[in-house]
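# Architecture and fold: a report
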Amino acid sequence: MIAPSRRASQAVTPSAFGQDILDRVGNTPLIAPKRVVPDNPDIHVLIKAEWFNPGGSVKDRAALQIVLDAERRGDLVGGKTLIDSSSGNTGIAYAMVGAARGFPVELVMPASVSEERKLIAAGYGAKITYSDPYDGSDGAIREVRRIVAEHGERYYYADQYSNPSNWLAHYQTTGPEVWRQTMGQVTHFVAGLGTSGTIMGTGRYLRERNPRVQIIGVQPDDALHGIEGLKHMESAIVPAIYDERLLDQKLLVNTEEAFAMTRRIAREEGIFAGQSSGAAMLCALRLAETLNAGVIVVVFPDGGDKYLTTSLWKYDSDWSI
Ligand SMILES: Cc1ncc(COP(=O)(O)O)c(C=O)c1O
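Every chain is numbered on its own, with residues counted from 1 as its sequence reads. Whole-chain, interface and lining totals are the exception, using all residues; otherwise, since this is a predicted model, local features are given only for residues with pLDDT of at least 70 and side-chain atom pairs are given and counted only at 80 or more. Here the side-chain values reflect all heavy atoms present in the structure, with hydrogen atoms and water set aside.

The distinction between a cavity and a pocket rests on a 1 Å grid over the protein atoms alone: a 1.4 Å probe fits inside a cavity but cannot get out, while a pocket stays open yet meets protein on both sides within 12 Å along at least five of seven lines, and a residue with an atom within 4 Å of a point counts as lining. Grid points are joined across faces, edges and corners, and a volume is the space filled by probe spheres set on the points. Of the voids in this model, the largest pocket is the one considered here, and its volume is about 980 Å³. Residue lining of the largest pocket: 46 residues in total, with Ser 137, His 225, Ile 227, Gly 229 and Leu 230 positioned closest to the centre. Secondary structure elements follow DSSP: runs of H or I no shorter than four residues count as helices, runs of E no shorter than two count as strands, and numbering proceeds from the N terminus. Those elements that place two or more of their residues in the lining of the largest pocket are α2 (89-101), α4 (136-151), β7 (188-192), α6 (197-209) and α8 (275-289). Sorting elements by how many residues they give to the lining of the largest pocket places α4 first, with 3 residues. Taken together, the residues of the lining of the largest pocket sort by class into 16 nonpolar, 23 polar and 7 charged. In the scheme used here, Gly and all other residues not listed as nonpolar or charged are polar, with Ala, Val, Leu, Ile, Met, Phe, Trp, Tyr, Cys and Pro taken as nonpolar and Asp, Glu, Lys and Arg as charged.

Below, the structure written as structure tokens:
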């Protein structure tokens, strides 16, 4: 592990100029795609562009909130290491926040996560343990629980799947942003289900503002899927923060269709996103076909550059999809 040169115990004086990197978390833009969407002026499909976060994904919001709440409670004092399992983006976000705020981070990731994610998390100085790729994100959860059971005194176990700070991050930031950016006119909110923090927090906020807002979850159609970041809830360890009753609909996406849509958005919109973004867009467009009018906001959790070495971008193709 590369040791960060400065730890939290060493005071860091903020400069009178410039921003803290963590001040750039949130307040992401809402982008209007032009070509893949229906040609109907009464239907708006808008992308919540989460790759604009400094760690490159929506998970910066949850990781920062988890850390700030833990610090407030005094759970991250005395040289404790933050540990959690992650399929990648949360790990990168913890690693970034740990480096910026000066505490060590250890991550358990399935060995199958993209090479880029491993390198980025390690680049921020996090220590990484790999779990069996065939056990997916559930294998990483079981492995981190085993480590914490053995050496609990060393760690603050952030447990993104059960930690209410995860969905609260979205209740306090993503939800109000979507409401403001659509001037209260959002009718449908579409997001993929991973830990479910994004949809639980944003969905609860939007429902409070307008009980008629439809909350739509997106998940893979099969337990063995290739949409990194998303969970097939029926066959997975269900996150404690997940409450299915909040959802109006759950739409299923096939991996190849999600990949094809992700590539299409890159070529036809100039938006280079990850595969869970393509999955969410596919559902948003299917939904749009059923409506006469609406303002649909769809979350794009991350950019495509973390998947350059995967079959998302490296594939045998006639370049027609
Ligand atoms: C690429 C990607 N998409 C979607 C999600 C799902 O977000 P959430 O955990 O808030 O449900 C994640 C979460 O890690 C992710 O990394």
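Structure shown, so let's carry the discussion forward.
On to the site of the ligand. It suffices for a single heavy atom of a residue to lie within 4 Å of a molecule or strand for the residue to be listed as near it. The immediate surroundings of the ligand are formed by 17 residues, with Lys 59, Thr 195, Ser 196, Thr 198 and Ser 276 found nearest. By the criterion applied in these results, polar contacts are pairs of N or O atoms within 3.5 Å in which, for protein atoms, one can donate a hydrogen and the other can accept it, and in which residues neighboring in sequence qualify only through two side-chain atoms. In this structure, an oxygen atom belonging to the ligand sits 2.8 Å away from a main-chain N or O atom of Ser 196. Within the side chain of Thr 198, a nitrogen or oxygen atom sits 2.5 Å from an oxygen atom of the ligand. The accessible surface values rely on the Shrake-Rupley method and a 1.4 Å probe; as for residues, cover is taken only from the protein chains in view. Protein contacts shield 97% of the accessible area of the ligand, which totals 380 Å² for the unbound molecule. Judged by its atoms lying within 2 Å of the grid points, the ligand is housed in the largest pocket. Residue composition of the shell around the ligand, by class: 4 nonpolar, 9 polar and 4 charged. Annotation comment: domain bounds sourced from an automatic or database domain assignment. Lining the shell around the ligand are residues from two domains, each supplying at least three of them: domain 1 (16-52 + 175-307) and domain 2 (59-157). By definition, a pocket or cavity contains a molecule when more than half of the molecule's atoms lie within 2 Å of the pocket's grid points.

A few words on the sheet that holds strand β2 (residues 43-49). In spatial order, the strands read β1-β2-β10-β7-β8-β9; together these 6 strands make up an open sheet with mixed pairing. Unpaired on one side and paired on the other, β1 (30-31) and β9 (249-253) mark the two borders of the sheet. Sheet analysis places strand β8 (residues 214-220) next to β9, joined by 5 bridges and oriented parallel. Bridged to Gln 219 within β9 is Leu 252. When DSSP finds two or more bridges between a pair of strands, those strands are recorded as paired.

None of the figures reported here should be taken as evidence of function without further support.
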